[in-house]
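One letter stands for each residue in the lines below.
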Amino acid sequence: MAKETLGFQTEVKQLLQLMIHSLYSNKEIFLRELISNASDACDKLRFEALNDASLYGEDSELKISLSFDKEARTLTLSDNGIGMSRDEVVKNIGTIARSGTKEFFGKLSGDAQKDANLIGQFGVGFYSAFIVADKVTLTSRRAGETTATQWESAGDGEFTLEEVAKEGRGTEIVLHLKEGEDEYLSDWSLRSIIRKYSDHITLPIFMPKTAGYDDEGNITPAEGVEAVNQASALWARPKSEISDEQYTEFYKHVSHDFEAPLAWSHARVEGKQEYTELLYIPQRAPFDMHDRERRHGIKLYVRRVFIMEDAEKLLPQYLRFVRGLIDSSNLPLNVSREILQHSKDIEQIKQGCVKKVLGLLESMANSDDAAEQAKYVTFWEQFGRVMKEGVAEDFANKDRIAGLLRFASSHTDSADQNVSLAAYVGRMKEGQDKIYFITADSFAAAKNSPHLEVFRKKGIEVLLMSERVDEWMISGLTEFDGKKLQSVTKGELDLSQFENEEEKQQQEAAASELKDVLDKVKAVLGDKVKDVRVTNRLTDSPACIVVENQDMSANLERLLKSAGQ
Ligand code: ADP
Ligand code: MG
């Protein structure tokens, strides 16, 4: 097929403009991105080869190689991973903007440093090559195919495609470096970038051997290549040998996040199921957290061989923000998606990991250390809404999840969700046996509800709930610490234990005095209401609507109506 020229989609063009013109700091991250793609490509090959070992051909040692040519001003990165067919090249790095690209643009702040940090998270890693290159040539041959595709672009809106010959499968990327980017033509700086960002990559990253340097810092060439990184699975090393920086770099690699994680749990679990888990909690919710088809999650390994990335089977939905990996020692290497679906072993691993994550959150939430507590506040701000789903989703761990919940409350009247159920219980009045809450469609509506009047007067705290998920959560949470949760808008409120004799008498007197009025109101409202009662709920407002305990709350009814039900 003859050489063709194709145009990038608008979003890709914009992205390239950003790469080329706005990223001045932290340019070296392009190398991490390309190495990360090469490593992903090798993982994919391993996975496909589980069903078809012939994909390896003669070449089963997966690796990444980096070399440079000072004269030609080129940097070449190659891998013998899965490679890409022509169609895949077009799809992955061609005309079509990946789903994250649009959102990426929505998040740009104009601050180059911050914007650079967003790149990896949105799956736009490959284009970071244009931060340092004015022309990029990619040649890729898919495992099992005989011809290769060459993609070339100067990042200016177009790219060319051509069928070429390539020895062996995999992908080779040649960066033609811009004027001034000489740093990446130095053996020493390339090695230090690899060690800094890619030491945890489990494949060897080879560079030409050097015998030493002359007085001007030029390399004295030597025969052969050598691995620059440690190439051992980080999670398999003892904790004591792993620095926080290494944990952080590894997190960035597995999560495609550019920020450091908030916390992590690393443990080797022994027993019926033997596995290692390394699970991270991010600092910030990813843009696609509410998208059920999000791309990154938990990776499953079997004895250090990558099997698949599939968050759903390895952790429940309400922990979908967790990133990291599980490496099993006793699953068979040839596990398929179908087997995983019904695997008891996976179910046990999943249960174990849920406990680890909950334990990690509890240790932050209950810590005496202010820094840890602050982390929990950040966590709740970012992921509280998702955690609330757990109450209804994970019956077995409901009590632990309930302990992690945080609410706005009439105690502070602030919209900040920082009151735990335990703190509420600790402040309960003498004789109070219920945890009172109100759900409404906004914080202001909850806070100013007439239903709260009597509680305020008597100094009884009420939790103020105004998120959509709260209705769903509260339907699953009927009790905490032996105390029932009670909506202040439902049923007959019995607050008699907080009333003195005089108040009780007033109440009774009012009820008999107002009997005629009640009968009139009932007659006028007819079928629209079940009953009309005198209440001690209100102090300032004349009337309010109440539903029976077992009925849908007025707020839920509104929500369902707005959802067209
Ligand atoms: P991401 O890695 O987040 O998917 P990138 O922009 O880094 O986004 O890469 C886009 C896609 O291009 C990858 O998902 C992959 O399908 C493909 N790709 C990039 N580099 C390689 C490579 N070395 N080998 C095979 N496929 C690659
Ligand atoms: Mg990538």
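Remember, it's a predicted structure, so these values are computed and weren't measured experimentally. (Residues numbered from 1 in each chain as written. Chains lettered and ligands numbered in written order. Predicted model: local features only at pLDDT ≥ 70, side-chain atom pairs only at ≥ 80, totals over all residues. Heavy atoms only, no water.)

**Re the packing of aromatic side chains**
Next up, step 1: Scanning the entire structure with this criterion turns up 18 aromatic pairs.
Next up, step 2: Seen from their ring centres, Phe30 and Tyr184 are 5.1 Å apart, and the 90° between their planes marks the pair as edge-to-face. On the criterion of sequence distance, the pair formed by Phe30 in helix α2 (residues 29-49) and Tyr184 in the loop between β7 (170-177) and α6 (187-198) is long-range, its members being 154 residues apart. For the pair shown, Phe30 and Tyr184 are each scored as buried.
Next up, step 3: Put simply, the rings of Phe8, Phe126, Tyr127, Phe130, Trp151 and Phe159 pair up and form one aromatic cluster. (Phe/Tyr/Trp six-rings, centres within 6.5 Å; stacked < 30°, edge-to-face > 60°. Helix = DSSP H or I, 4+ residues; strand = E, 2+ residues; numbered from the N terminus. Buried < 20%, exposed > 50% of the residue type's maximum accessible area, 1.4 Å probe, protein only.)

**Focus: a nonpolar patch on the surface**
Next up, step 1: On the surface, a nonpolar cluster with roughly 440 Å² of combined accessible area is contributed by Leu514, Val517, Val521, Val524, Leu525 and Val529.
Next up, step 2: If you trace the backbone, Val517 turns up in helix α18 (residues 515-525).
Next up, step 3: The class for Val517 is partly exposed, based on a relative accessible area of 44%. (Patch = residues over 30% accessible without salt bridge, like charges linked within 9 Å, V, L, I, M, F, W, Y side chains within 5 Å. Areas by Shrake-Rupley, 256 points an atom, 1.4 Å probe, with all protein chains shown as cover. Salt bridge = Lys/Arg side-chain N within 4 Å of Asp/Glu carboxyl O.)

**Considerations on the sheet that holds strand β11 (residues 275-281)**
Next up, step 1: In space, the five strands of this open sheet follow the order β10-β11-β14-β12-β13, with mixed pairing throughout. Each edge of the sheet is formed by a strand with only one pairing partner; in this case those strands are β10 (263-269) and β13 (305-309). Across the sheet, the axes of successive neighbouring strands diverge by a mean angle of 15°, strand direction being ignored.
Next up, step 2: Bridge analysis of strand β12 (residues 298-302) against β13 gives four bridges, and the strand direction is antiparallel. Residue pairing in the sheet places Tyr301 in a bridge with Phe306 of β13.
Next up, step 3: Helix α7 (residues 244-255) contacts β10, β11, β12 and β14 (323-328) of the sheet and is inclined by roughly 85° relative to β11. (Pairing = 2+ DSSP bridges. Axes fitted to C-alpha atoms, helices over the stretch in contact; angles between N-to-C directions. Contact = heavy atoms within 4.5 Å.)

**Overview of the pairing of β12**
Next up, step 1: The buried fraction of β12 is high, at five of five residues.
Next up, step 2: Where burial is concerned, the two faces of β12 agree: the one with Ile298, Leu300 and Val302 and the one with Lys299 and Tyr301 are both buried.
Next up, step 3: In the sheet, β12 pairs with β14 via five bridges, with the strands oriented parallel. Within the sheet, the bridge partner assigned to Ile298 lies in β14 and is Gly324.
Next up, step 4: Hairpin connection between β12 and β13: a loop of two residues separates the two successive antiparallel strands, and Arg303 in this loop has a positive phi of roughly 45°.

**A closer look at the nonpolar core**
Next up, step 1: Ranked by internal contacts, the top residues of the largest apolar core, which has 72 residues, are Phe379 and Met387.
Next up, step 2: In terms of residue count, the dominant contributor to this core is helix α10 (residues 344-365) (10 residues).
Next up, step 3: Sequence-distant contacts of Phe379, defined by excluding residues within four places in its chain, comprise Leu262, Ile281, Phe321, Leu361, Gly384 and Met387.
Next up, step 4: Formed by 53 residues, the second largest nonpolar core is a distinct cluster that contains Leu62, Val89, Ala143 and Leu177. (Core = buried A, V, L, I, M, F, W, Y, C linked by side-chain atoms within 4.5 Å.)

**Here we look at unusual backbone geometry**
Next up, step 1: One non-glycine residue, Arg73, adopts positive backbone phi at about 55°.
Next up, step 2: In this fold, Arg73 is placed in the loop between β2 (64-69) and β3 (74-79).
Next up, step 3: Overall, the relative accessible area of 18% leaves Arg73 in the buried class.
Next up, step 4: Of note, the phi angle at Asp413 is positive, near 60°, even though the residue is not glycine.
Next up, step 5: If you trace the backbone, Asp413 turns up in the loop between β15 (408-409) and α13 (421-426).

**What about α2?**
Next up, step 1: With 21 residues, α2 should reach 30 Å at 1.5 Å per residue; the first-to-last C-alpha distance of 30 Å fits that figure.
Next up, step 2: Counted residue by residue, α2 has 17 buried out of 21 residues, so it is predominantly covered. (Expected span 1.5 Å × (residues − 1).)

**Some details on the side chain of Lys166**
Next up, step 1: Relative to the assigned elements, Lys166 resides in the loop between β6 (158-164) and β7.
Next up, step 2: It is Glu172 that comes nearest to the buried, bridge-free Lys166 among opposite-charge side chains, at 6.2 Å.
Next up, step 3: Polar side-chain contacts of Lys166 include one of 3.4 Å to the backbone oxygen of Arg169. (Lys, Arg positive; Asp, Glu negative; His and termini not counted. Polar contact = N/O pair within 3.5 Å; in protein donor to acceptor, adjacent residues only side chain to side chain.)

**A word on the pattern of salt bridges**
Next up, step 1: Taken as a whole and assessed by the stated rule, the structure comprises 27 salt bridges.
Next up, step 2: Lys27 is the partner of Glu181 in a salt bridge, and the nearest nitrogen-oxygen pair spans 2.7 Å. Pair noted here: Glu181 is in the loop between β7 and α6 and Lys27 is in the loop between α1 (10-22) and α2, with a separation of 154 residues, a long-range link.
Next up, step 3: Here Lys252 and Glu249 are joined by a salt bridge, their closest N and O atoms 3.8 Å apart. Taken together, the residues span about one helical turn, with Lys252 and Glu249 both in helix α7 at a distance of three residues.
Next up, step 4: Salt bridges sharing partners connect three or more residues here, namely Arg385, Lys388, Glu467 and Asp470.

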